[in-house]
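Chain and residue survey
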Amino acid sequence: MSAGADAGFGAITPWRLRFPKDLRLIPRFETYPSVVSFAQTVPGKLALIAIFGVGFYSNPYWLPLLTLLVLTTALPAYRRILLTFGALLWPFVISWRVATPSQLIDTALVLIFAGLMFDAAIRFPHSWFGRRPIVSFLGGFGVSVLVVSYLPSGGRIHFELWQFLTILSLYIWFIGYSLLDCTSKGRDDFALQLGTYEPFWMQVSLYPPLPCLKGARYLRRIESKDSEQLAIAQIKGAKLLVWSFVLSVLLKVLVRIVHGYLGIPTYPEMLAFSVPRVPFPWFTGLASLISEFLENLLRVSVLGHRIVACCRMAGFLALRNTYRPLRSRSVAEFWNRYLYYFKELLVDFFFYPTFMRYFKRWPRLRLFAATFAAACLGNMFFHFFLQMGDIEKFGFWKTLAGFNVFMFYTIVLAIGIGISQLREPQEKSGWFRGQLVPSICVAGFFCILRVFDYGSTSPPIQEHFRFLAHIFNLVS
């Protein structure tokens, strides 16, 4: 099940209202021939640009974002070159006032290093690195962080190497997708690969860099090929942007009702109360956890929708990052609908290599092992190396030990997804037994698992278990 089942360059057919099936808060304008035709005209394109101008006005990078959207709309033949220009614009032009000269130099060195690896993987396909570029790169990065963390702190060598590795950690998955593209027949050269290294639409979120929309191979597949496809992509992008603001309003209303009107503390506050044994009613803790789960769903949806909307406006009809996760009837389906591109990253870098190499004689074990490698080991790897500041401050092994709560989270998540994939689907008749009950059970699983979704700054794991027992009224 695709997280972005709404995306696709389908044929445009005359639209007729079929109540209540086609009754939507935001109509399917991309199916209206007159709207698609209008979006291909200059006034139509200006109207779509205006929607994004209003939508991104509060963003500090409002002007460069809008300028790049105008250029990619007006110059579709140079769309990929403009992506490269946009990807280089932020680290070397827009951020130069807050970045130090050494950071700019290290950023340039990281990109040069990425280019050398890309060239080496192509030139020497039969070498160890050419045959296993991802294992070599990710393994080498992890070992480098471990070695440098043991160098004497405060020295010039430690500072320069750590700064280089910190910047490299921001590009690690973008570089990885370039290395995966080396074996593609129609691969892009490195000049176009650079356009996928934290592309300009990622600046919509101001969030730790996740390769939302994957790499160059994916962009080639979803790029608009003519003016009609571009119009459809941009209309869908504008719709998704508007929908993101509807969800943001819903999020604010939920927060105001739960934490304002009802006075229920947030889940981190409730956990902080639980550690020193501050008494609180069990149902208050349960309500805070449910609210945390729903608020997180809305935040992730708003963030992903705005990134994908900007990508669609640039001419790439990307799938949604979050697509109706509460309709999921299995744990695996929820994971696919909740964070589609993060799931795809784990699949591309950890699931497929494990699945293609190990346990070929035992299909069910093969599937479970590959799922565990992605949802547990890959998930842990991704989040651990986002904490480069903690690794530098507390050391590699101490920071890793502090991830014991999140490690437990990934283990339970991987087991849940693995069992969900191995189970035979059971179709039950009726909306109540076939849709509502499974969806509530799946949402409940992820809601409870949210108790352990903490990084290195988490309280001890026994405190999380105690909180979980308290909200079910098992302990006082």
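Scroll up to find the structure this text is about.
Described in the following lines is the structure provided in the data block. It should be emphasised that the depicted structure is a prediction, and the values quoted were computed from it without experimental measurement.

Cut-off values and rules
Residue positions are given per chain, counted from 1 along the sequence in the order it is written. Given that the model is predicted, a residue must reach a pLDDT of at least 70 before its local features are reported, and side-chain atom pairs must reach 80 or more before they are shown or counted; all residues, however, enter totals for whole chains, interfaces and linings. Hydrogens and waters are ignored; side-chain quantities use all the structure's heavy atoms. Residues grouped as a nonpolar core are buried Ala, Val, Leu, Ile, Met, Phe, Trp, Tyr and Cys residues, joined through side-chain atoms within 4.5 Å. For each residue, the accessible area found with a 1.4 Å probe, counting protein chains only, is set against the maximum for its type, and the residue is called buried under 20%, exposed over 50%, and partly exposed in between. The helix count covers DSSP runs of H or I at least four residues long, the strand count covers runs of E at least two residues long, and both are numbered beginning at the N terminus. It only takes one pair of heavy atoms within 4.5 Å for two residues to be counted as in contact. A side-chain nitrogen of Lys or Arg and a carboxyl oxygen of Asp or Glu constitute a salt bridge if their distance falls within 4 Å.

Right, let's get into the nonpolar core. In this structure, Val-145, Trp-173, Ile-175, Leu-179, Tyr-197 and Phe-385 are the most contacted members of the largest nonpolar core, which totals 80 residues. Per-element accounting of this core gives the leading share, 11 residues, to helix α8 (residues 156-180). Setting aside its immediate chain neighbours within four residues, Tyr-197 contacts Ala-87, Leu-111, Ala-114, Tyr-171, Phe-174, Ile-175, Ser-178 and Phe-190. Counting 39 residues, the second-largest nonpolar core is a separate cluster that includes Leu-66, Leu-241, Ile-307 and Cys-311.

This structure, assessed with the given rule, holds 17 salt bridges. In this structure, Asp-119 engages Arg-123 in a salt bridge whose closest nitrogen and oxygen atoms are separated by 2.7 Å. With Asp-119 and Arg-123 both in helix α5 (residues 101-123), this residue pair falls 4 residues apart, about one helical turn. By relative accessible area, Asp-119 is classed as partly exposed at 33%. For Arg-123, a relative accessible area of 58% translates into the label exposed. A salt bridge links Glu-160 to Arg-156; the nearest nitrogen and oxygen atoms lie 2.7 Å apart. Note that Glu-160 and Arg-156 are positioned in helix α8 at a spacing of 4 residues, about one turn of the helix. In this structure Arg-156 comes out as exposed when scored by relative accessible area, which is 59%. Through salt bridges with shared partners, a single network forms among Arg-80, Asp-181, Asp-188, Arg-217 and Arg-220.

Turning to the environment of Tyr-78, a few remarks are in order. Looking at the secondary structure, you find Tyr-78 in the loop between α3 (62-74) and α4 (79-94). Tyr-78 gets classed as exposed once you look at its relative accessible area, which sits at 52%. The spatial distance from the C-alpha of Tyr-78 to the C-alpha of Cys-441 is 48 Å, given a sequence separation of 363 residues.

All quantities given are derived from atomic positions and should not be read as evidence of function.
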